[in-house]
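Observations on the three-dimensional arrangement
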Amino acid sequence: MAKYLLLKHYRGAPAAVNDVPMDQWTPEEISAHVQYMNDFAARLEGTGEFVDAQALAPEGRWVRYDGEGRPPVTDGPFAETKDLIAGWMVIDVDSYERAVELAGELSAAPGAGGKPIHEWLEVRPFLTAPPTITE
Amino acid sequence: MDEALLRSLTPSVLGILVRRGADFAAAEDAVQDALVEAVRVWPADPPRDPKGWLVTVAWRRFLDATRADAARRRREDLVDEEPAPGPAPAVDDTLQLYFLCAHPSLTPSSAVALTLRAVGGLTTRQIAQAYLVPEATMAQRISRAKRTVSGVRFDQPGDVATVLRVLYLVFNEGYSGDVDLAAEAIRLTRQLAAAIDHPEVAGLLALMLLHHARRATRTAPDGSLVPLAEQDRGRWDTASIAEGVEILQAALARDRLGEFQAQAAIAALHADAPTAEETDWVQIVEWYDELVRLTDSPVVRLNRAVAVGEADGPRAGLAALAALDDSLPRHAAVAAYLHERDGDLATAARLYAEAARKAPNLAERDHLTRQAARLNARRCR
């Protein structure tokens, strides 16, 4: 039992095989893609492995503390930021191999021409609670 | 209301329903319904015979569900065979339920979830909270698990070792939530020990009790880890230690050693030392040798290297470590500790930092980072 984050990038991941921006797909291809993602999440719920899925807006702001009694400083968005997170899915699975298998399936979501995008997804393990028996 | 009593009755009530002919999945749902009903009704109106009450209510729920089902499918042959309500039969199927819920066809996470619900009497919501997953996900995990074991014959003997692995997982890999999973694992292992006379069941129970006894001292109020050597031994739970040691000694006397007994023996030697300095490391190394013989596990060899470092000095520990694959989890942490003991603070600090980057949990990472920082600060002075 371990949780993994399947991380999807707007920018910063290696180029996908079927690398066509979404606004150049047909509406049907977009619908098919959305359907695939929904079905995937529903299937994981059915196998008892789904934890969470979220999508993020591409534009964000940088915020930092600016000293006692002063409002936080905001800056950006910076168009040049290299790594941009698009969203994620959190899964709870029995093994690392299973996490990789599921990430592979998610990466097969259809894109332009109805063909799999072969998008690179980042698989990151959660830091867990410490085990009771260590020594 | 006595929730512990209520939950302890879960497996035998479920066993009775299955023995009366209910299929496991439906019977399990009916028992859950009866537990919920008991929580509602018992505080104001406690039954004289709690088990009989649960059996009656659960059986009624089972029949209601089956009738509804049968009506849907126009099939009503099963429901007419209602047995007369009466005293619960003497035979106890608790052990069979443990076997079923830990059946080898289940994945570890499914076996854990099913055991906590069908044997432990926890609700799906409680189990979901304990493992930090949505309730819908846990509900599916449990119903899939029930489907997986639906064809398993209830009366065939199972393997105790698979049950022990599931209980060990519940004890060792719980998150913290409303439900105290470590305490629940101890309760379930105690119940198993009452149902079957087996030295490894006793060994696991002893191991859990000995570790649980130190629990309050394992973390500081801020949540940071306190290593064994620095724990306040005055706050260890001596009653729990005494019980663990007694159970272990009775098990060892039967001369059928297994890995849980050997692990418990190591825990007992730690518990027995009035100070960290008085720990009998020579005996601990001997028990690790037994464990290596029993399990041939690289993780055990890694722990053995630590014990060798204490018994025969850090150089000997490093020599034992040199034979092991350095990709093992916690290898860098062990190497860092042994190098520090050996006086090589620069190497130790570097290895602590490396170990922190590889740590599988936050508390351990913070602890290792602090160790690296402590050595770096000392070296700079």
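Thresholds, definitions, all that
Residues numbered from 1 in each chain as written. Chains lettered and ligands numbered in written order. Predicted model: local features only at pLDDT ≥ 70, side-chain atom pairs only at ≥ 80, totals over all residues. Heavy atoms only, no water. Helix = DSSP H or I, 4+ residues; strand = E, 2+ residues; numbered from the N terminus. Rg over C-alpha atoms; globule rule 2.2 N^0.38 Å. Buried < 20%, exposed > 50% of the residue type's maximum accessible area, 1.4 Å probe, protein only. Areas by Shrake-Rupley, 256 points an atom, 1.4 Å probe, with all protein chains shown as cover. Phe/Tyr/Trp six-rings, centres within 6.5 Å; stacked < 30°, edge-to-face > 60°. Lys NZ or Arg CZ within 6 Å of the ring centre and 35° of its normal. UniProt positions renumbered as here; feature names shortened; annotations may be inferred. Pairing = 2+ DSSP bridges. Axes fitted to C-alpha atoms, helices over the stretch in contact; angles between N-to-C directions. Contact = heavy atoms within 4.5 Å. Domains from an automatic or database assignment. Core = buried A, V, L, I, M, F, W, Y, C linked by side-chain atoms within 4.5 Å. Salt bridge = Lys/Arg side-chain N within 4 Å of Asp/Glu carboxyl O. Patch = residues over 30% accessible without salt bridge, like charges linked within 9 Å, V, L, I, M, F, W, Y side chains within 5 Å. Buried area = accessible area lost by both parts, 1.4 Å probe. Polar contact = N/O pair within 3.5 Å; in protein donor to acceptor, adjacent residues only side chain to side chain.

A count of helical and extended segments in chain A gives 2 helices and 6 strands. Traced from its N-terminal end to its C-terminal end, chain A shows the element sequence β-α-β-β-β-β-α-β. For 135 residues, the compact-globule estimate of 2.2 N^0.38 gives 14 Å, and chain A exceeds it by more than 25% at 18 Å. Summarising its shape, the C-alpha atoms of chain A cover approximately 55 × 55 × 25 Å along the three principal directions. Counting across all 135 residues of chain A, residues that qualify as buried make up 33%. Accessible area of chain A: about 8100 Å², with a carbon and sulfur share of 58%.

On to the packing of aromatic side chains, then. Both the distance between ring centres and the angle between the ring planes are used here to describe each pair of aromatic rings. One pass over the full model with this rule turns up 4 aromatic pairs over all chains. With a centroid separation of 6.2 Å and an interplanar angle of 55°, the aromatic rings of A:Tyr4 and A:Tyr96 are classed as tilted. Within this pair, whereas A:Tyr4 is found in strand 1 (residues 2–11), its partner A:Tyr96 is found in helix 2 (residues 96–107), the two being separated by 92 residues in sequence. In this structure A:Tyr4 comes out as buried when scored by relative accessible area, which is 9%. Taking NZ or CZ as reference, B:Arg20 lies 5.1 Å from the ring centre of B:Trp59, over its face. Seen from the ring of B:Trp236, B:Arg214 lies directly overhead, with NZ or CZ sitting 5.5 Å from the centre.

This paragraph deals with the UniProt feature "domain: YCII-related" (unreviewed entry) in chain A. UniProt's entry tags residues 17–107 of chain A with the feature "domain: YCII-related" (unreviewed entry), counted in the numbering of this structure. Between the end C-alpha atoms of residues 17–107 of chain A the distance is 10 Å, and the span holds 35% helix and 24% strand.

Residue and element names in this part refer to chain A. Here strand 5 (residues 84–93) lies mainly inside the structure; 8 of its 10 residues are buried. Relative to strand 5, strand 1 is paired through 9 bridges, and the arrangement is antiparallel. Bridge assignment links Leu 7 to a residue of strand 5, and that residue is Trp 88. The pairing of strand 2 (residues 50–55) with strand 5 spans 5 bridges and is classified as antiparallel. The residue of strand 5 that forms the bridge with Ala 55 is Gly 87.

Let us look at the side chain of A:Asn18. Relative to the helices and strands, A:Asn18 is located in the loop between strand 1 and helix 1 (27–46). By relative accessible area, A:Asn18 is classed as buried at 14%.

Here the focus is unusual backbone geometry. Following A:Gly76, the chain continues to A:Pro77 via a peptide bond in cis, the omega torsion being 0°. Following the sequence through the fold, A:Pro77 ends up in the loop between strand 4 (73–75) and strand 5. A positive phi angle, near 50°, is found at B:Asp296, a position not held by glycine. With respect to the helices, strands and loops of the structure, B:Asp296 is situated in the loop between helix 15 (281–295) and helix 16 (298–312).

We now examine the sheet that holds strand 6 (residues 122–125) of chain A. All names here are of chain A. A sheet is described by the order of its strands in space; here 4 strands give the open sequence 2-5-1-6, paired in antiparallel fashion. The open sheet has two edge strands, strand 2 and strand 6, and neither has a second partner. Neighbour-to-neighbour, the strand axes of the sheet open up by a mean angle of 20°, direction not taken into account. In this fold helix 1 packs onto strand 1, strand 2 and strand 5, with an angle of close to 30° to the strand it touches most, strand 5.

Interfaces are frequently sized by the accessible area removed from exposure as the parts join. Taken domain by domain, chain B comprises domain 1 (3–73) and domain 2 (280–381). Each of domain 1 of chain B and domain 2 of chain B has a C-alpha centre, and the two are 51 Å apart.

This paragraph deals with the nonpolar core. Nonpolar side chains in soluble globular proteins generally cluster together in the buried interior. All names here are of chain B. Leu 17, Phe 24, Leu 54, Leu 114, Leu 116, Tyr 131 and Leu 192 are the most contacted members of the largest nonpolar core, which has 108 residues in total. Dropping the residues within four chain positions of it, Phe 24 is found in contact with Leu 14, Val 18, Leu 97, Leu 100, Cys 101, Leu 114, Ala 118, Lys 146 and Val 149. Among the nonpolar cores identified, the runner-up in size contains 23 residues, and Ala 305, Leu 318, Ala 332 and Leu 368 belong to it.

With that out of the way, let us pick up the pattern of salt bridges. Residue and element names in this part refer to chain B. Throughout the structure, instances matching the rule amount to 32 salt bridges over all chains. Note that Arg 190 is salt-bridged to Glu 243, the shortest N-O span being 2.5 Å. Linking Arg 190 in helix 10 (residues 181–195) with Glu 243 in helix 13 (residues 238–252), this pair joins segments that are 53 residues apart in sequence. Take Arg 190: its relative accessible area is 37%, and that puts it in the partly exposed class. Here the salt bridges do not stand alone but share partners, grouping Glu 3, Arg 7, Glu 184 and Arg 187 into one network.

The next subject is the environment of B:Leu328. All names here are of chain B. Among the structural elements, Leu 328 can be located in the loop between helix 17 (314–322) and helix 18 (331–341). Overall, Leu 328 belongs to the buried group, its relative accessible area being 14%. In sequence terms Leu 328 and Pro 298 are 30 residues apart; their C-alpha atoms lie 7.6 Å from each other. In contact with Leu 328, other than residues within four places in its own chain, are Pro 298, Val 299 and Leu 302.

Nonpolar side chains collect at one region of the surface, where A:Met22, A:Ile30 and A:Val34 lie side by side and expose about 210 Å² of accessible area between them. The topology assignment puts A:Ile30 in helix 1.

Let us look at the interface of chain A and chain B. Counting residues at the interface gives 21 residues for chain A and 34 residues for chain B. Taken together, both faces of the contact between chain A and chain B bury some 2500 Å²; the carbon and sulfur share is 53%. The interface formed by chain A and chain B contains 1 salt bridge. Of the charged contacts in the structure, one is a salt bridge between A:Asp92 and B:Arg141, with a shortest N-O distance of 2.8 Å. Linking chain A with chain B are 9 residue pairs in polar contact (both at pLDDT 80 or more). At the level of elements, helix 1 and strand 2 of chain A are the ones that each hand at least two residues to the side of chain A that touches chain B.

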